[in-house]
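A closer look at the structure
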Amino acid sequence: MAADPQFLKYVDEHQDDYIKRLSDAVAIASVSGNLAYVKDVEAMGEYLVQQLTALGATVEKRPIGTHTLEGKEVDLPPVIIGQVGNDPKKKTLLVYGHYDVQPALKEDGWLYPPFELTPDPKGSGKLYGRGSTDDKGPVLGWINVLEAHKNLGIELPVNLKMCFEGMEENGSVNLDKFIESEKDKFFSGVDCMCISDNYWLDTKTPCLTYGLRGINYYEIKINGPDRDLHSGVFGGTVHEPMTDLITLMSKLVTGDGQILIPGVKEMIAPLTDDERAKFEAIHFAMKDIHDAVGGDVTIYNDGVKTLMGRMRNPSLSLHGIEGAFSAPGSKTVIPCQVKGKFSIRLVPNLTVAGVTEKVVEYVKAEFAKLGSKNKLDVYLTHGGEPWLHYSYRAAHKATEAVYGQTPDYTREGGSIPVTLDFANILGLNVLLLPVGRGDDGAHSTNEKIDTSNYINGTKLLGSYMYELAAIAKD
Ligand SMILES: C[C@H](N)C(=O)N[C@@H](Cc1c[nH]cn1)C(=O)O
Ligand SMILES: [Zn+2]
Ligand SMILES: [Zn+2]
């Protein structure tokens, strides 16, 4: 069933209102996992409550416990749940999104202030701002859909349940417990689920995503002297935590991306012919990735190898060092405690526990070889398993209707670990329906969403509801 034409027309006619809504949301700096932004994350949750309430949804803000941030116990951002419609004759669709964002500072290299949605002055339609594509634009896409239906006086073709969290960028702490506890309450009666929290592969081909890599995030902590030291006075006399840490971090991965932790590569599920064929069918040119990263810095020159590097192989990235001197200038200090941060993207059959066992064993063994008198701790901060699924009739039709194109079927290199919690705990068929493009720069400087993706994305989400309502239940 095609979407109601009035709905599609309404979306076209209200683009400016929708952009204003995105601008208001981007202005709330809802950076999770950082004490300085706790209030902003809370404000963003409240913004969603107000928007949904005004549109007639039944909304609740649910507390999900506390966590420790920079040594202080604070409330976790609440989960916002909402519902529109409760007609037993209709299917019930659950949508999930997150209202927190990654950190962003103008001085990181942003062209414009990251928390002010800024249209490209050259008129390309790009809307720059942190969270524009990850994940405020897609979340607001659903609110736009609701607003259009309410103002047109059209009933939704499905019952809609919504679940928005504020901790996705920091491990979705306690969301699994919340899903479990609400399994037979808020989440009961859900037929299927849609998550729009990833991206097309290129800039022109819509896609449906049938797989996600998981993620294990680790810290290596080295404790040495009990205070920072003058490197002139103490250099050459003590085991330096940074030296130990850099040595250990250099032993995790090679420059061409080979993971050096024994036993990890061996866990990868063997590649089948069918799987290879799916990668070969994807519309992808090396130029797409060169444009998305801003240069030819790819490990492979081959498209299929590059796709597999992103989607079906594990990768290990070094993210940063806490406690190390990183400001401009030439401070001559020996930091007393440093924490190295890295993550491993997981693919079938790498598990959170299996990989962690190998990582911890290896890092401890390498540290022992250093003969250092410093103290080592290596631990997982959060983990999420990989996921694969393939059954998307309604979204396929909706994509063809909105974009006039057959979607690619992709796997996402990024991770949305709660996908598995929803799929496993609730036994749901989960669809990943990206809204933004491959060059949106999520997590990066100058994150953006194209106006056409935001507006067509709103149409896509709405059209998906109509197609879903029309297909027979599985
Ligand atoms: C794909 C999704 N939009 C996303 O960005 N997920 C994050 C999840 C995460 C896990 N730890 C920190 N963030 C990602 O893939 O990095
Ligand atoms: Zn996201
Ligand atoms: Zn993200």
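Keep in mind the model is a prediction, meaning the values are calculated, not measured.

The terminal C-alpha atoms of helix H2 (residues 15–26) lie 16 Å apart, and with twelve residues this matches the ideal 16 Å at 1.5 Å per residue to within 8%. On its buried face, H2 sits against helix H1 (5–13), helix H3 (38–54), strand S7 (126–128), helix H4 (132–152), strand S20 (448–450) and helix H14 (451–470).

On to the sheet that holds strand S15 (residues 337–346). Strand order in the open sheet formed by four strands is S13-S15-S11-S16, and the pairing between neighbours is antiparallel. If you trace the sheet from one side to the other, it starts and ends with strand S13 (315–322) and strand S16 (375–384), each paired once. With direction set aside, neighbouring strand axes in the sheet form an average angle of 20°. Pairing analysis gives nine bridges linking strand S11 (residues 214–223) to S16, with the strands arranged antiparallel. In the sheet register, Ile 220 faces S16, and the bridge partner there is Val 378. Along the sheet, helix H7 (residues 241–249) contacts S11, S13, S15 and S16; its crossing angle with S11, the most-contacted strand, is approximately 150°. In this fold helix H11 (residues 352–370) packs onto S11, S15 and S16, with an angle of close to 165° to the strand it touches most, S16.

What follows is about the packing of H3 against H4. Contact geometry for H3 and H4: axes closest at 10 Å, N-to-C directions at 20°. In terms of orientation, H3 lies roughly parallel with respect to H4. Crossing of H3 against H4: the hand is left-handed. Between H3, through Met 44, Tyr 47, Leu 48, Gln 51, Leu 52 and Ala 54, and H4, the contact on the second element is made entirely by Lys 136, Val 139, Leu 140, Ile 143, Leu 146 and Lys 150. A per-class count over the contact of H3 with H4 returns nine nonpolar, one polar and two charged.

The next subject is the UniProt feature "binding site: Mn(2+) 1" (unreviewed entry) in the protein. Here the UniProt-annotated "binding site: Mn(2+) 1" (unreviewed entry) positions come out as Asp 134, Glu 169 and His 443. Despite a sequence span of 310 residues, these residues sit close together in the fold, their greatest C-alpha distance being 9.8 Å. Mapped onto the elements, Glu 169 comes out in the loop between strand S8 (159–165) and helix H5 (175–181). Judged by its relative accessible area of 12%, Glu 169 falls in the buried class. Not counting residues up to four positions away in its chain, the partners in contact with Glu 169 are Ser 32, His 98, Asp 100, Val 101, Gln 102, Asp 134 and His 443. Following the sequence through the fold, His 443 ends up in the loop between strand S19 (429–432) and S20. By relative accessible area, which is 40% here, His 443 ends up partly exposed. Among residues more than four places away in sequence, those in contact with His 443 are Gln 102, Arg 130, Asp 134 and Glu 169. At 3.0 Å, the side chain of His 443 forms a polar contact with the side chain of Asp 134.

Glancing now at the coordination of the zinc ion (ligand 3). Here the zinc ion (ligand 3) is held by the protein donor atoms Asp 134 (OD), Glu 169 (OE), Glu 169 (OE) and His 443 (NE2), which lie 2.0 to 2.7 Å from it. Sequence spacing among the residues donating to the zinc ion (ligand 3) works out to D-x34-E-x273-H. The distance between the zinc ion (ligand 3) and the zinc ion (ligand 2) comes to 3.3 Å, and Asp 134 binds to both of them. Of the two residues, Asp 134 sits in helix H4 while Glu 169 sits in the loop between S8 and H5, which places them 35 residues apart along the sequence. Each member of the pair, Asp 134 together with Glu 169, is buried.

On to the site of ligand 1. Around ligand 1, the neighbouring residues are Asp 134, Glu 168, Glu 169, Asp 197, Tyr 199, Ile 215, Arg 345, His 382, Gly 414, Ser 415, Ile 416 and His 443. Within the contact set of ligand 1, a nitrogen atom lies 3.3 Å away from a side-chain nitrogen or oxygen of Glu 168. Protein burial of ligand 1: of its 390 Å² of free accessible surface, 93% is covered by the chains. By residue class, the composition of the shell around ligand 1 is three nonpolar, four polar and five charged.

Analysis parameters
Residues numbered from 1 in each chain as written. Chains lettered and ligands numbered in written order. Predicted model: local features only at pLDDT ≥ 70, side-chain atom pairs only at ≥ 80, totals over all residues. Heavy atoms only, no water. Helix = DSSP H or I, 4+ residues; strand = E, 2+ residues; numbered from the N terminus. Expected span 1.5 Å × (residues − 1). Contact = heavy atoms within 4.5 Å. Pairing = 2+ DSSP bridges. Axes fitted to C-alpha atoms, helices over the stretch in contact; angles between N-to-C directions. Parallel < 35°, antiparallel > 145°, perpendicular 65-115°, else oblique. Left-handed = near helix turned anticlockwise from the far one by under 90°. Nonpolar A, V, L, I, M, F, W, Y, C, P; charged D, E, K, R; others polar. UniProt positions renumbered as here; feature names shortened; annotations may be inferred. Buried < 20%, exposed > 50% of the residue type's maximum accessible area, 1.4 Å probe, protein only. Polar contact = N/O pair within 3.5 Å; in protein donor to acceptor, adjacent residues only side chain to side chain. Donors = N, O, S within 2.8 Å, 3.2 Å for Na, K, Ca; no water. Near = heavy atom within 4 Å. Areas by Shrake-Rupley, 256 points an atom, 1.4 Å probe, with all protein chains shown as cover.

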